[in-house]
Amino acid sequence: MILHPLRKDTTEWISFKVSDTGIGMKAEQIEKVFQAFTQADESTTRRYGGTGLELVIAQKFCQMMGGDISQESELGKGSIFTVELPAIVVEKAAS
């Protein structure tokens, strides 16, 4: 994991990347990775398990704090997930 402080406009942000050297994904699989109850590939679900909610929940938490999470991947070489969050999270009223 690599942690980077950064500045956007006048706000301080924290950015960190988590990478793996796993099976990676094709472009069409990457498009589905943040959709609830969707696995990138059904054969992957059978082989590795999972519900398809983990990344969706992580993304929603990041967005609730004013940030986001993104992903890059290369088939056969692994994936990199980047989380960007404001250094100070301002609590918002529930919607």
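Above this text is the structure in question.
Calculation notes
- Residues numbered from 1 in each chain as written.
- Predicted model: local features only at pLDDT ≥ 70, side-chain atom pairs only at ≥ 80, totals over all residues.
- Heavy atoms only, no water.
- Helix = DSSP H or I, 4+ residues; strand = E, 2+ residues; numbered from the N terminus.
- Buried < 20%, exposed > 50% of the residue type's maximum accessible area, 1.4 Å probe, protein only.
- Core = buried A, V, L, I, M, F, W, Y, C linked by side-chain atoms within 4.5 Å.
- Patch = residues over 30% accessible without salt bridge, like charges linked within 9 Å, V, L, I, M, F, W, Y side chains within 5 Å.
- Areas by Shrake-Rupley, 256 points an atom, 1.4 Å probe, with all protein chains shown as cover.
- Salt bridge = Lys/Arg side-chain N within 4 Å of Asp/Glu carboxyl O.
- Pairing = 2+ DSSP bridges.
- Arc of directions from axis to C-beta.
- Contact = heavy atoms within 4.5 Å.

Caption draft 1: Spatial organisation of the environment of Pro-86. Take Pro-86: it is sitting in strand E4 (residues 78-86). Here Pro-86 falls in the buried class, since its relative accessible area comes to 11%. Taking the C-alpha atoms as reference, Pro-86 lies 9.5 Å from Cys-62; in sequence the two are 24 residues apart.

Caption draft 2: Geometry of the nonpolar core. By size, the foremost hydrophobic cluster in this structure holds 8 residues: Met-25, Val-33, Phe-34, Cys-62, Ile-69, Phe-81, Val-83 and Leu-85. By residue number, the principal contributor to this core is E4, which donates 3 residues.

Caption draft 3: Inspection of a nonpolar patch on the surface at higher detail. Judged by side-chain polarity, Ile-57, Phe-61, Met-64, Met-65 and Val-89 come together as a nonpolar surface patch covering roughly 480 Å² of accessible area. Among the secondary structure elements, Met-65 is positioned in the loop between helix H3 (54-64) and strand E3 (68-74). Among the residues examined, Met-65 registers a relative accessible area of 34% and is labelled partly exposed.

Caption draft 4: Structural detail: the pairing of E4. For E4, the buried fraction is high: 7 of the 9 residues fall into the buried class. One ladder, built from 7 bridges, connects strand E2 (residues 11-19) with E4; its direction is antiparallel. Paired with Val-18 across the bridge in E4 is Phe-81. Where E3 folds back onto E4 in an antiparallel hairpin, the turn is made up of 3 residues, including Gly-76, whose phi is positive at roughly 85 degrees.

Caption draft 5: Main features of H3. Turning to H3, its buried residues are Val-56, Gln-59 and Cys-62. For H3, the angular spread of the buried residues around the axis is 125 degrees, confining them to a single face. On its buried face, H3 is in contact with E3 and E4. Looking one or two places after H3, you find Gly-66, whose phi comes out positive at around 95 degrees.

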